[in-house]
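# Observations on chain architecture
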Amino acid sequence: MKITGKIPTVKFSEKFKDLIEEQQKLIESIPNRMGGQGNLEIIYQLAEYVRATRAIETGVSYGWSSLTLLLSLNEREGSQLVSTDLPYFSEHSESYVGCVVPDRLKSIWTILPYADREALIDALKILPQIDLCHYDSDKFYQGKMWAYPLLWQALKPGGIFIADDIDDDFAFRDFCEEIDRPPWIVETPFTNDIKYVGILVK
Ligand SMILES: C[S@@+](CC[C@H](N)C(=O)[O-])C[C@H]1O[C@@H](n2cnc3c(N)ncnc32)[C@H](O)[C@@H]1O
């Protein structure tokens, strides 16, 4: 693989420290506990690296990965993020989906609030070719093996594929074998757990 982009030197968590802290406080005031965030540092650095303008993500929850992508995309004219999310069934969860995203970033964002099997098809109609995708929704093997090829097919050459929680099952490994591409595996350290993110460059 030829590396042509410039790796940003500023950490996401430092560059947007105040906004992250503010939105963290907002989350603490919400009664509903929803899905945890992906590896925001990796998402931001890779979006900056490919200078992404068109991105699709699956799985929004509070919207941390959406916020991260939007903060990068917003720097480039004509950018668009399309996100799919079937909200959790707990009471009023749908009203908190994407709640950490400030209004000023919403003009370049479309959320499709239903299951991937329909929403991803619609997302790809809006953005048939993308620079980057982040998969973090349906955690079942079958769901991943259904969605990964669709996202991969939509990626432009040199585009970035990011899959969260690849240690849950062998879907990411099997997909990499299927398309015969070597992945990068990145560790996401948490306080009580260690999770892995899979990255592919098309
Ligand atoms: C782990 S959370 C996403 C976290 C988010 N990417 C972040 O970094 O902040 C997973 C989300 O995917 C949604 N989800 C689960 N299964 C889904 C499906 N089949 N289609 C669409 N969304 C789904 C859940 O309701 C939840 O909001």
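Each value, and the rule that gives it
- Residues numbered from 1 in each chain as written.
- Predicted model: local features only at pLDDT ≥ 70, side-chain atom pairs only at ≥ 80, totals over all residues.
- Heavy atoms only, no water.
- Near = heavy atom within 4 Å.
- Polar contact = N/O pair within 3.5 Å; in protein donor to acceptor, adjacent residues only side chain to side chain.
- Nonpolar A, V, L, I, M, F, W, Y, C, P; charged D, E, K, R; others polar.
- Pairing = 2+ DSSP bridges.
- Helix = DSSP H or I, 4+ residues; strand = E, 2+ residues; numbered from the N terminus.
- Axes fitted to C-alpha atoms, helices over the stretch in contact; angles between N-to-C directions.

An unreviewed UniProt entry lists the chain under the name Class I SAM-dependent methyltransferase, with Oxynema aestuarii AP17 as the source organism.

Our next topic: the site of the ligand. Residues in contact with the ligand amount to 19 residues; listed here are only the nearest, Gly38, Ser65, Asp85, Leu86 and Asp136. Here an oxygen atom of the ligand and a backbone polar atom of serine 61 are 3.3 Å apart. Here an oxygen atom of the ligand sits 2.5 Å away from a polar atom, N or O, in the main chain of leucine 86. Counted by class, the shell around the ligand contains seven nonpolar, eight polar and four charged residues.

Another aspect to go through is the sheet that holds strand S7 (residues 194-201). Spatial ordering of the open sheet is given by S3-S2-S1-S4-S5-S7-S6, a layout of seven strands whose pairing is mixed. Each of the sheet's edge strands pairs with one partner strand only, and the pair in question is strand S3 (109-112) and strand S6 (184-189). Across this sheet, the average inter-strand angle for adjacent strands is 15°, counted without regard to direction. As judged from the four bridges shared by strand S5 (residues 155-163) and S7, these two strands associate in the antiparallel manner. Each bridged residue has a counterpart across the sheet, and for alanine 163 the counterpart in S7 is glycine 198.

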